[in-house]
Amino acid sequence: MPPSVATSDLTKRFPGITAVNRLTFEVHAGEIFGLVGPDGAGKTTTLRMLAGVLSPDGGSATVAGADIAREPEAAKARLSYMPQRFGLYEDLTVAENIRFYADVFGVSREEREARARQLLDAAGMSPFTTRSAGKLSGGMKQKLGLVCALIHRPLVILLDEPTNGVDPVSRRDFWRILYSLLNEGIAILMSTSYLDEAERCHRVALLHQGRMLYCETPVELKRRLHGAVVSIVGHEARRIRAALGGAAGVLNALLVGDGVHLVVDDAGRRIPELQAALQTAGLVFDRLEEIEPTIEDLFVAATSKERKP
Amino acid sequence: MLRRLRGMLVKEFIQVFRDTRTRTLLFAPPIIQMLIFGYAATLEVRHIPVAALDYDNSQVSRELLSRFTASPYFDVRAYLNDRREIGDLIDRGEVTVALQINGGFAQDLRKGQPARLQVIVDSSNSNTALVAVGYINQIAARYAQEFQRTQLLRTSLFASSQIPSIVLERRPLFNINFDSQWFFVPGVIGNLILVMVVSLTAFAIVREREIGTLEQIMVTPIGRLEFILGKTLPFFLIGLFDTALVSLVGTFWFGVPFRGSIGVLAIGSILFILCMLGIGLFISTISRTQQQAMVSGFFFNMPAITFSGFGTPISSMPEWLQTLTYLNPLRYFLEILRGVYLKGVGLDVLWPQMVGMGLLGSIMLAISVARFQKSLD
Ligand SMILES: Nc1ncnc2c1ncn2[C@@H]1O[C@H](COP(=O)(O)OP(=O)(O)OP(=O)(O)O)[C@@H](O)[C@H]1O
Ligand SMILES: [Mg+2]
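Being a predicted model, the structure only gives us computed values, none of them experimental.

Caption draft 1: Seen up close, the domain arrangement of chain B. Per the domain assignment, the segments of chain B are domain 1 (2-41 + 179-371) and domain 2 (48-162). The distance between the C-alpha centroids of domain 1 of chain B and domain 2 of chain B comes to 46 Å.

Laid out in structure tokens, this is it:
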């Protein structure tokens, strides 16, 4: 069976920047493929090209067997694109939004009703069909977007950071719906900046400045981070990093929003040592603990290893 | 294709009628404006400035003029000696009406022959002019009646069969079709359609851009032309509906004469609405937000109305400006509206206006559609 999505040297340039640089990958039916990378890595640009909103400057891509440059209309009919904010009509009700997207994809009435019932059930939204979309919570809106995006049974779904800012309950519904689709032979390509979301993918591509660094399973990706991550929350982040960056067992030190993340070889052994070192240096901090690694940590570990092999 | 278009239309109409503000905007302004202009046309006008020119200089003529001095409707501002002064006074706007009584007026009246009172009116405000003429008529008629009564008292010989009368000779100074008390009313229709179709179309498209549904729609199989059609067709229909609504209010509430054919009006309206859709679409391509669309709309609407002949007659504009008005679709539409309403003329007279609007509309739509396509990339 041919791949559901295949790109070959896909490239997009904007004035002064190559947003996507010779990207080559394949996504197969029944697979969830994650595009992972920090801000500006080129995730959105890649998805937009595959959706037919942007035209590539180089390379080629097929979606559900249709070349995005030569037969964009055929590609559009078989795919579904959910941007970071799905375009809902807030003054229309849930049912009217669904009807609109069903109509524009040429879905018949019976088909629409059956499919909508199934999807709304799975999303836990059946009681809200007559509520206007503008009055839904953020998570509900996102789920409604997904329902609209799936109403025409696409073969390929492109999702751009779909659960960004979504409450945990809606997030669970969201993933349940996505998994149920895999049985229908759908291919899912999504971008994410959450590691726990990346871990739910079958394979992930790590993007950096438009280039693909790795393309592998999440387990393999996580293995690139040798050791554990220790988070130190505090105001004097810069001085803490300067004090501990070269300490024994510290492989990497990264400034984050509320403090510093350190990658250490052995958390259990190093945490007391680090606490002691900070006390000696007279640096105050609010909290010091081991945490689940984030995409950023992974990313820094991966790129720093690349720089000094 | 039809299912997609139908989907667009259903959605569009739900949106238009659900939003209270849009709904009010659709139907309230046409009715309100129509009422304002309709009532203005029948409004009482007072203190109309008058100049008097009395060549007869008889007791009778002086008495007639004193009736004007006494009337609350008129202010006699000047007594003239020469008719050449009249034009100047009216030009400078110092008087609206001049009354000229020629020699022999008293004699005619006494003999029971029609006595002539010349009325020179500044018709650039045809509404005031017409009201003024009405009042003059009343005053003159009443005076003639009283004159007859006093004559009867004085001479029992007076034959009652010879009724003295004063005949008004109207001389409008500017050449406007003078019996159109309703001159402005058809114009209101043109203005309303212009403002509504342009802004609603622009808003509806820009809003989709703002809330991100435009990009969403572009990843569906909806073609760009289908989108444009789905977006403009509702406002086309609403525009036609409003034209009919305003026409009905005008005809049945105010009794504005409708002398021409509905078919001609319909053709003109359709062509005009197409022009306005083109403009609305164009504005949507140069506006990112509804705010910007509003400002751009204003910059189009204001000059379009000012230089259409709605208020200021085109013939009194400078030459170069007159030439420019040929690019203004409203100019043609107003000519059609007035022609159909007040003169009852048909396609044989109005075809150049139709062709003018057809050409302008096609060009505008073509440019806008091309621009719209590009603005999506
Ligand atoms: N329309 C555009 N014009 C110019 N530059 C653009 C445009 N769209 C994106 N870029 C640039 O291309 C690069 C990649 O952007 P992109 O939005 O694809 O990143 P991303 O991985 O989705 O990031 P984020 O996590 O912020 O969503 C960025 O540097 C961005 O500034
Ligand atoms: Mg993005």
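The rest of the description comes next.
Caption draft 2: Fine view of the domain arrangement of chain A. Splitting chain A by domain gives domain 1 (5-222) and domain 2 (226-292). Placing the centre of domain 1 of chain A and that of domain 2 of chain A at their C-alpha centroids yields a distance of 37 Å.

Caption draft 3: View of the interface of chain A and chain B. If you look at the interface, chain A gives 26 residues, while chain B gives 23 residues. Of the roughly 2,300 Å² buried between chain A and chain B on both sides combined, carbon and sulfur atoms contribute 56%. Counting the surface chain A buries against chain B, the share from its top three residues, Tyr89, Asp91 and Val104 of chain A, is 24%. Put simply, chain A and chain B have 2 salt bridges between them. Note that Arg48 of chain A and Glu215 of chain B form a salt bridge whose closest N and O atoms lie 2.7 Å from each other. Connecting chain A to chain B are 9 residue pairs in polar contact (both at pLDDT 80 or more). Put simply, the parts of the chain that give the side of chain A that touches chain B at least two residues each are helix 1 (43-51), helix 2 (72-78) and helix 3 (94-104) of chain A. Per-element accounting of the side of chain A that touches chain B gives the leading share, 6 residues, to helix 3 of chain A. Tallied by class, residues from the side of chain A that touches chain B come to 14 nonpolar, 4 polar and 8 charged.

Caption draft 4: Here's a closer look at unusual backbone geometry. Look at Ala64 of chain A: it is not a glycine, yet its phi comes out positive at around 50 degrees. Positionally, Ala64 of chain A belongs in the loop between strand 4 (58-63) and strand 5 (66-67). Residue Asn57 of chain B is not a glycine yet carries a positive backbone phi of 50 degrees. Its place among the elements puts Asn57 of chain B in the loop between strand 1 (48-54) and helix 3 (59-70).

How each quantity is defined
Residues numbered from 1 in each chain as written. Chains lettered and ligands numbered in written order. Predicted model: local features only at pLDDT ≥ 70, side-chain atom pairs only at ≥ 80, totals over all residues. Heavy atoms only, no water. Domains from an automatic or database assignment. Contact = heavy atoms within 4.5 Å. Buried area = accessible area lost by both parts, 1.4 Å probe. Salt bridge = Lys/Arg side-chain N within 4 Å of Asp/Glu carboxyl O. Polar contact = N/O pair within 3.5 Å; in protein donor to acceptor, adjacent residues only side chain to side chain. Helix = DSSP H or I, 4+ residues; strand = E, 2+ residues; numbered from the N terminus. Nonpolar A, V, L, I, M, F, W, Y, C, P; charged D, E, K, R; others polar.

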